[in-house]
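Given next are the chains, with one letter for each unit.
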Amino acid sequence: MGGSAPRCPYIYHPGSCNSCSFVADLFLAHSTDKMISLNAMKPNRIAFSILLLLAVASLLNGKNDGILTWGDQGDGTYRNPILKSDYSDPDILRHGEDFYLIASDFHFVGMQVLHSKDLVNWRVIGQIFDRLAMADKYDEMKGYSEGTWAPSLRYHNGEFYVFVCTPYDGLFMWHAKDPAGPWSETITVKAVEKWEDPCPFWDDDGQAYLVHSYHGAGPLILHKMSPDGTRLLDEGKEIYRGKVAEGPKFYKRKGFYYISLPEGGVATGWQTVLRAKNIYGPYERREVFPAGSPHQGGMVELESGETWFIGFKSTGYLGRICYLNPVRWTDDDWPVFGDNGQPVSIWKKPNVGKSFPIERPQTSDEFQSKTLSPIWQWNHNPVPAAWSLTRRRGWLRLTARPASSLSLARNTLTQKLWDSAGLIDVKMDVRRMEDGQRAGFAFMSGSDFGWVGVGKESGVLKILWEQGEGPVLRQRNVWLRGINSGDTGGLFYSLDGKEYVDTGVSFRMRFRFWKGSRISIFSFGPSGGAADFDYVRYKYDATTEALGLK
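Residues numbered from 1 in each chain as written. Predicted model: local features only at pLDDT ≥ 70, side-chain atom pairs only at ≥ 80, totals over all residues. Heavy atoms only, no water.

**Q** Give a detailed account of the overall build of the protein chain, specifying residues and quantitative values.
**A** Secondary structure assignment for the protein chain yields one helix and 40 strands. Out of the 550 residues in the protein chain, the part that is buried amounts to 61%. When contacts within the protein chain are restricted to residue pairs at least 6 apart in sequence, long-range pairs at least 24 apart make up 59% of them. Element-wise, carbon and sulfur atoms account for 49% of the exposed surface of the protein chain, whose accessible area totals about 21,000 Å². (Helix = DSSP H or I, 4+ residues; strand = E, 2+ residues; numbered from the N terminus. Buried < 20%, exposed > 50% of the residue type's maximum accessible area, 1.4 Å probe, protein only. Contact = heavy atoms within 4.5 Å. Areas by Shrake-Rupley, 256 points an atom, 1.4 Å probe, with all protein chains shown as cover.)

**Q** Please set out the nonpolar core residue by residue, giving values where relevant.
**A** Grouped together as the largest cluster of nonpolar side chains are 86 residues, with contacts concentrated most on Leu-119, Trp-122 and Ile-521. The element contributing the most residues to this core is strand S40 (residues 530-541), with five residues. Once residues within four sequence positions are removed from consideration, Leu-119 is found in contact with Ile-82, Ile-92, Phe-99, Val-300, Leu-302, Trp-308, Ile-310, Leu-324 and Pro-350. (Core = buried A, V, L, I, M, F, W, Y, C linked by side-chain atoms within 4.5 Å.)

**Q** Could you give me a rundown of the side chain of Arg-397, with the residues and numbers involved?
**A** Mapped onto the elements, Arg-397 comes out in strand S29 (residues 396-399). By relative accessible area, which is 12% here, Arg-397 ends up buried. There is a polar contact of 2.8 Å between the side chain of Arg-397 and the side chain of Asp-532. Excluding anything up to four places from it in sequence, Arg-397 contacts Ala-386, Trp-387, Ser-388, Arg-391, Arg-392, Arg-432, Ala-530, Ala-531 and Asp-532. (Polar contact = N/O pair within 3.5 Å; in protein donor to acceptor, adjacent residues only side chain to side chain.)

**Q** Which residues make up the sheet that holds strand S15 (residues 208-214), and what are the values?
**A** One open sheet accounts for four strands, arranged S14-S15-S16-S17; its pairing is antiparallel. The open sheet has two edge strands, strand S14 (195-202) and strand S17 (237-240), and neither has a second partner. Going from strand to strand, the sheet's axes swing by 30° on average, the running direction of each strand aside. Summarising the sheet, S14 and S15 pair through six bridges and their orientation is antiparallel. By the bridge assignment for S15, Phe-201 is matched with Tyr-209. (Pairing = 2+ DSSP bridges. Axes fitted to C-alpha atoms, helices over the stretch in contact; angles between N-to-C directions.)

**Q** Describe the environment of Lys-462, and please don't skip the residues or the numbers.
**A** Here Lys-462 is to be found in strand S34 (residues 460-465). Discounting residues that sit within four places of it in the chain, Lys-462 has contacts with Gly-453, Val-454, Gly-455, Glu-469, Gly-470, Pro-471, Val-472 and Leu-473.

**Q** Can you tell me about the sheet that holds strand S22 (residues 295-301), naming the residues and giving the values?
**A** In spatial order, the strands read S22-S23-S24-S25; together these four strands make up an open sheet with antiparallel pairing. Every interior strand has two partners, whereas the edge strands, S22 and strand S25 (335-337), have only one. Taking the axes of each pair of neighbouring strands and ignoring which way they run, one obtains an average angle of 30° across the sheet.

**Q** For the packing of aromatic side chains, give the residues involved together with the corresponding values.
**A** Throughout the structure, instances matching the rule amount to 26 aromatic pairs. Ring plane angle 85° and centroid distance 6.0 Å describe the contact between Trp-451 and Phe-522, whose orientation is recorded as edge-to-face. Here the residue Trp-451 occupies a position in strand S33 (residues 448-457), and Phe-522 occupies one in strand S39 (residues 518-524), the gap between them amounting to 71 residues. This pair shows no difference in class: Trp-451 is buried, exactly as Phe-522 is. Among the aromatic residues, those joined into a cluster by ring pairs are Trp-70, Tyr-87, Trp-418, Tyr-538 and Tyr-540. (Phe/Tyr/Trp six-rings, centres within 6.5 Å; stacked < 30°, edge-to-face > 60°.)

**Q** I'd like a description of the pattern of salt bridges, backed by residues and values.
**A** All told, the structure shown has 41 salt bridges when counted by the stated rule. The salt bridge partner of Arg-154 is Asp-91, with a shortest N-O separation of 2.9 Å. Pair noted here: Arg-154 is in strand S10 (residues 149-156) and Asp-91 is in strand S5 (residues 91-95), with a separation of 63 residues, a long-range link. For Asp-203, the salt bridge is made with Lys-252, and the minimal N-O distance between the two is 2.8 Å. Here Asp-203, found in the loop between S14 and S15, pairs with Lys-252, found in strand S18 (residues 249-253); they are 49 residues apart in sequence, far enough to count as distant. The exposure class of Asp-203 is buried, given its relative accessible area of 10%. (Salt bridge = Lys/Arg side-chain N within 4 Å of Asp/Glu carboxyl O.)

**Q** Could you give me a rundown of unusual backbone geometry, with the residues and numbers involved?
**A** In this structure, the amide linkage connecting Asn-80 to the following residue, Pro-81, adopts the cis form with an omega of 0°. That bond from Gly-281 to Pro-282 is cis: its omega, 10°, falls within 30 degrees of zero. In the Ramachandran plot, Val-244 falls in the positive-phi region, its phi being about 55° despite a non-glycine side chain. Structurally, the position occupied by Val-244 is in the loop between S17 and S18. For Val-244, a relative accessible area of 28% corresponds to the partly exposed category. The phi torsion at Asp-419 lies on the positive side, around 55°, for a residue other than glycine. Mapped onto the elements, Asp-419 comes out in the loop between strand S30 (413-416) and strand S31 (421-429).

**Q** Can you explain the environment of His-380? Please cite residues and give values.
**A** Structurally, His-380 can be placed in the loop between strand S27 (377-379) and strand S28 (387-388). Taking the C-alpha atoms as reference points, His-380 and Arg-410, 30 residues apart in sequence, are found 7.1 Å from one another. If sequence neighbours within four positions are ignored, His-380 has contacts with His-107, Val-109, Lys-137, Tyr-138, Met-141, Lys-142, Gly-143 and Tyr-144. Reaching out from His-380, the side chain makes a polar contact with the backbone nitrogen of Tyr-144 at a distance of 3.4 Å. Of the polar contacts made by the side chain of His-380, one reaches the side chain of Asn-379; its length is 2.9 Å.

**Q** I'd like to hear about the pairing of S10, residue by residue, with values.
**A** Most of S10 sits out of view: six of its eight residues are buried. As paired elements, S10 and strand S11 (residues 159-166) share six bridges and run antiparallel to each other. Paired with Ser-152 across the bridge in S11 is Phe-163. Linkage of S10 to S11, two consecutive antiparallel strands, is achieved through a turn of two residues, within which Asn-157 is found at a positive phi near 55°.

**Q** Account for the side chain of Thr-148, naming residues and giving values.
**A** Locating Thr-148 in the fold gives a position in the loop between strand S9 (122-127) and S10. Using a relative accessible area of 0% as the deciding quantity, one classes Thr-148 as buried. Apart from the residues within four sequence positions on either side, Thr-148 is in contact with Ser-104, Asp-105, Phe-106, Met-111, Phe-129, Leu-132, Val-164, Cys-165 and Thr-166.

Listed below in structure tokens is the structure:
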């Protein structure tokens, strides 16, 4: 899922770049249902077309290279948050000049890997797995709020490792030579209930350890582990007990073992640091961020000597979003987070020795690639045979699977919601739909959906939405639109892609099942009909006015 993209044409984006998947097939121009090869063009027209495609790609990508009210400010500073989207329980890793970030994805498949060169600008480069292999409930759409909680990302002896617990299935691990993938199959380290938030640690002598908490938060338990990370070697020993102690991250610096962890709960918690000369303790304790600050995240030390911390704050319908804070070390080797213990709002970017262009995870998709972009995540496990990017090149085909409701519909494809306002446009071909089928676009909040789309009954296609219906369709294509302002999503449809009709739906988005709200496209029904999606174009900003909407 989400294989490597071709080399990006932007001069400043080395290697493959999923942020530019609109031009991923090396400059094929998409014109309705036709693909026009630029190879047939004259050189000057090729250059012009490339520039035009890049400009359109940038516009479709939610002002991807522009300055927003958060993130990179274009003047050597950044404004928190750095990722205004639901990357909860983040962990980060520096490997050479590269930074990687992962986060909790719960019942969504399959844990995104983000890459950065400066800790401020990020892009999605891959996913760790393509299905939740732990239990049948993830095939049966019964795992809401379960799945992957608070993972840890580490590097040891030429391998990248991800460890995670699910609340009722066990402790699991994946490993890879390249964080972009491919990753190993899911490895069950221990089948156990109610463990959470594991973090591995390899000491200087090669001995491996793993620390974790318990469901409900606390105490912290330390185990010895096999060097390859596949087995725990003992029953573990309690090393710390605190108030809602969870999310521990292990580090070693100047002879001290450090554990950075959140305490006090998701909404109003604080960040604590423990340290000891012996890995089993006793541990000294200091609170490094006050209640309500960004917490539960990871630290990295740069080649320049700087240390930085990325943690989350809970923000309602958007979920838990990422904040970057500096860390300095005192003469007696205690960390001081933020600006003398207070979170920063605007700060100088990390000193990585170079400047990098503004970049954010892509949101739009023209479905030109043969592999699904890692910006997409399935709601529970997909049915691989029931979706395709190759049966109709340039389109995503979702073949309907039986379901009594959208919350139980497999092969529902989702993306995280971004910023405070958004405009999402979807083009869909309905000619392959069958009786009983529903397909379209939806805002998603937990297992609730506000949707607009097309239904077919007794051979008749009709515009539908929750508790409402529009005209009968006598055409193959329909255009769907979602507009959100804050936590309120509106739904629209068009028969020509120009004039849109307001359905009157006002969908309230909320934080549910530990996750922020999302956008989604779907197709379900009893007869196996298909819906073809030409594109999803998603722009976001602070307000609908900034998006050019009245």
